[in-house]
Amino acid sequence: MPSPPTRPPIASLPAESRGRLHPEPESATRSPFQRDRDRVLHSGAFRKLQYKTQVFVYHVGDYYRTRLTHSLEVAQIARSLCRSLGLDEDLAEAVSLAHDLGHTPFGHAGEAALDACMAAHGGFRHNDQTVRVVTRLEQRYAGFDGLNLTWETLEAVVKHNGPLTGPNATGEGVTPAVAELDAAFEMALDRQPGAEAQVAALADDIAYTAHDIDDGLRAGLFGLDDLRHLPLVGEALREVEAAWPSLHRRRLVHEVVRRVLDAMVGDVLAEAGRRIATLPEPSAAAVRAADRPVIAFSADLGEREAVLRRFLFERMYRHYRVNRETSKARRVVRDLFELFMAEPNCLPDEWQETAIGAGPDDRARLVADYIAGMTDRYAVVEHRRLFDLDDRP
């Protein structure tokens, strides 16, 4: 088995980390990025991902992916990419495990509902909420709120999709939590994120695309014949059927998904090699100063992946069975928000004291924090307790 390449100059080096907002003694046994990974892994927000939906509401089936299994799959892909590229695997893993901590219950349907509820109070976006979770809402440590992650991990969370200001901005803009963090711990919002952060972002896209095919097929939202005309997956399907004409469907699907993953990972590695070679100098600083990411799909694969994503959007995310579940999910979130805003004394004691004396905007943000932290299961139970007259609180 070939040994991993020596670490190139574009890698983030733990010894050269820009540190933490709240200075702490270094560990004798773990690098700063390993400590970040461990802090995310042991956080309450991470554990809740087990019962937060990816596409399907948690009770629809035990075999579908949740935010937790998705995050683990993203971390595995990111580590593999970093190992091939000689980047810091621990940093990419920390970012991968943290990237979905701000998601609401019920996936994007819950986020859309909470954003609509928060329209008059600054809105709601899960990326901004992730920053709130890791800098404020996790309250476990004696000396600070949040997880006190390194600058490099925070940078990756803040700039998950690229720069937020300047000529290369992705269009997301600077959200309130990001602005607050940037004022205290300058985040270089106009620069690209580091190479490991870019790897984690691509690993997220790869995991979504490949594994939504698997879940969609398993749920019966579309069949193998529906995939034959599509790029990537159709090509893989034809290859597998030619090699094993009588393969059991379960094995066939797994082999197809595996080949789609391999194709996307291979493309990223090849394109990254080409882009790194064009840098004026091979350094982490040059990666951040570049006018485009150095870790990316090639133009050809990017176009093919976009076709596949459009298919999944129409046939999976907008399938009537999914729509029915997400419609109920939106009502649960809306009902909970409106009740807690009107009657903050219905909140748990640790939230109630602050909410009752707060102004409308602050109360709304607190209520959003409370709802966003719920799992699918808890949100359903809480809704039943508050709105079902036959249910006891």
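Attention here is on the structure that accompanies the text. (Residues numbered from 1 in each chain as written. Predicted model: local features only at pLDDT ≥ 70, side-chain atom pairs only at ≥ 80, totals over all residues. Heavy atoms only, no water.)

## Here's the deal with the overall build of the protein chain
Then comes step 1: A count of helices and strands for the protein chain gives 18 helices and zero strands.
Then comes step 2: By the compact-globule yardstick of 21 Å for 393 residues, the protein chain fits well, its C-alpha radius of gyration being 22 Å.
Then comes step 3: In terms of overall dimensions, the protein chain has C-alpha extents of about 60 × 55 × 40 Å along its principal axes.
Then comes step 4: Buried residues in the protein chain amount to 53% of all 393 residues. (Helix = DSSP H or I, 4+ residues; strand = E, 2+ residues; numbered from the N terminus. Rg over C-alpha atoms; globule rule 2.2 N^0.38 Å. Buried < 20%, exposed > 50% of the residue type's maximum accessible area, 1.4 Å probe, protein only.)

## Observations regarding empty space enclosed by the protein
Then comes step 1: Under the criterion given, the structure shown has two cavities of 30 Å³ or more.
Then comes step 2: Volume-wise, the largest cavity comes out at about 70 Å³.
Then comes step 3: Classifying every residue of the lining of the largest cavity by side-chain character gives three nonpolar, three polar and three charged. (1 Å grid on protein atoms, 1.4 Å probe; cavity = no way out; pocket = protein on both sides within 12 Å on 5 of 7 lines; lining within 4 Å. Points joined across faces, edges and corners; volume = space filled by probe spheres on them. Nonpolar A, V, L, I, M, F, W, Y, C, P; charged D, E, K, R; others polar.)

## Here's the deal with a positive patch on the surface
Then comes step 1: On the surface, Arg318, Arg330, Arg331 and Arg334 cluster together into a patch of positive charge.
Then comes step 2: With respect to the helices, strands and loops of the structure, Arg330 is situated in helix H15 (residues 320-342). (Patch = residues over 30% accessible without salt bridge, like charges linked within 9 Å, V, L, I, M, F, W, Y side chains within 5 Å. Areas by Shrake-Rupley, 256 points an atom, 1.4 Å probe, with all protein chains shown as cover. Salt bridge = Lys/Arg side-chain N within 4 Å of Asp/Glu carboxyl O. Lys, Arg positive; Asp, Glu negative; His and termini not counted. Charge placed at Lys NZ, Arg CZ, Asp CG, Glu CD.)

## With respect to the layout of surface pockets
Then comes step 1: What the largest pocket holds in volume is close to 880 Å³.
Then comes step 2: What lines the largest pocket is a set of 30 residues, among which Leu137, Glu138, Trp351, Asp369 and Tyr370 lie closest to the centre.
Then comes step 3: Those elements that place two or more of their residues in the lining of the largest pocket are helix H2 (44-48), helix H6 (126-137), helix H16 (349-356) and helix H17 (360-372).
Then comes step 4: Broken down by element, the lining of the largest pocket gets its largest block of residues, seven residues, from H17.
Then comes step 5: Classifying every residue of the lining of the largest pocket gives 10 nonpolar, eight polar and 12 charged.

## Section: the environment of Ser12
Then comes step 1: Mapped onto the secondary structure, Ser12 falls in the segment before helix H1 (32-41).
Then comes step 2: Residue class for Ser12 comes out buried when judged on its relative accessible area of 8%.
Then comes step 3: Spatially, the C-alpha atom of Ser12 lies 7.4 Å from that of Glu196, the residues being 184 residues apart in sequence.
Then comes step 4: Side chain to side chain, Ser12 and Glu196 meet in a polar contact 2.8 Å long. (Polar contact = N/O pair within 3.5 Å; in protein donor to acceptor, adjacent residues only side chain to side chain.)

## Let's talk about the packing of helix H4 (residues 89-98) against helix H7 (residues 151-158)
Then comes step 1: As a packed pair, H4 and H7 sit with axes 10 Å apart at the nearest point and diverge in direction by 45°. Taken as axis vectors, H4 and H7 run oblique relative to one another. By crossing handedness, the relation of H4 to H7 is classed as right-handed. When H4 is examined against H7, the residues Leu91, Ala94, Val95 and Ala98 are found in contact with a partner set consisting of Glu152, Thr153, Ala156 and Val157.
Then comes step 2: Per-class residue counts for the contact of H4 with H7 are six nonpolar, one polar and one charged. (Axes fitted to C-alpha atoms, helices over the stretch in contact; angles between N-to-C directions. Parallel < 35°, antiparallel > 145°, perpendicular 65-115°, else oblique. Left-handed = near helix turned anticlockwise from the far one by under 90°. Contact = heavy atoms within 4.5 Å.)

## A look at the environment of Val158
Then comes step 1: Within the secondary structure, Val158 sits in helix H7.
Then comes step 2: With 84 residues separating them in the primary sequence, Val158 and Ala242 have C-alpha atoms 45 Å apart.
Then comes step 3: Apart from the residues within four sequence positions on either side, Val158 is in contact with Val131, Leu164, Val178, Leu181, Met187 and Leu189.

## Remarks on the side chain of Thr209
Then comes step 1: You can see Thr209 is positioned in helix H9 (residues 195-219).
Then comes step 2: Given the relative accessible area of 0%, Thr209 is considered buried.

## Some details on the pattern of salt bridges
Once their charged atoms are close, side chains differing in charge can pair, the charge on each being opposite to the other.
Then comes step 1: Across all of its chains, the model carries 31 salt bridges by this definition.
Then comes step 2: In this structure, Arg258 engages Asp262 in a salt bridge whose closest nitrogen and oxygen atoms are separated by 3.6 Å. Note that Arg258 and Asp262 are positioned in helix H12 (residues 249-277) at a spacing of four residues, about one turn of the helix.
Then comes step 3: Take Arg258: its relative accessible area is 38%, and that puts it in the partly exposed class.
Then comes step 4: Here Glu382 ties to Arg385 by a salt bridge, and the two come within 3.2 Å at their closest N and O atoms. In this pair, Glu382 and Arg385 are both assigned in helix H18 (residues 376-387), three residues apart and thus about one turn of the helix distant.
Then comes step 5: Given a relative accessible area of 7%, Glu382 falls into the buried group.
Then comes step 6: According to the relative accessible area criterion, Arg385 is partly exposed, its value standing at 33%.
Then comes step 7: Residues joined in a network through salt bridges with shared partners are Arg30, Arg37, Asp38, Arg79, Arg83, Glu89, Asp90 and Glu93.

## Notes on H15
Then comes step 1: In this model H15 runs 33 Å from its N-terminal to its C-terminal C-alpha over 23 residues, within 8% of the 33 Å that 1.5 Å per residue would give.
Then comes step 2: Considered for burial, the residues of H15 that qualify are Val322, Thr326, Ala329, Val332, Val333, Leu336, Phe337, Leu339, Phe340 and Met341. (Expected span 1.5 Å × (residues − 1).)

## Notes on the packing of aromatic side chains
The relative placement of two aromatic rings is captured by the distance of their centres and the angle of their planes.
Then comes step 1: On inspection of all chains with the given rule, the structure shows five aromatic pairs.
Then comes step 2: Centroid distance Phe222 to Phe311: 5.2 Å. Interplanar angle 65°. Geometry classified as edge-to-face. Taken together, the positions of Phe222 in the loop between H9 and helix H10 (224-227) and Phe311 in helix H14 (residues 299-317) put the pair 89 residues apart, joining distant regions of the chain.
Then comes step 3: The exposure class of Phe311 is buried, given its relative accessible area of 9%.
Then comes step 4: Plain terms: the ring middles of Phe340 and Tyr370 are 5.5 Å apart, the flat faces sit at 70° to each other, and that makes the pair edge-to-face. (Phe/Tyr/Trp six-rings, centres within 6.5 Å; stacked < 30°, edge-to-face > 60°.)

## Concerning unusual backbone geometry
The general pattern is negative phi for most residues beyond glycine and trans for most peptide bonds.
Then comes step 1: Of note in the backbone geometry, Asn148 takes a positive phi value of approximately 50° without being a glycine.
Then comes step 2: Relative to the helices and strands, Asn148 resides in the loop between H6 and H7.
Then comes step 3: Look at Asn148 and you get buried, because its relative accessible area is 5%.
Then comes step 4: With phi around 50°, Ala188 is a residue other than glycine that occupies positive phi space.
Then comes step 5: Within the element layout of this structure, Ala188 appears in the loop between helix H8 (176-184) and H9.
Then comes step 6: Among the residues examined, Ala188 registers a relative accessible area of 11% and is labelled buried.

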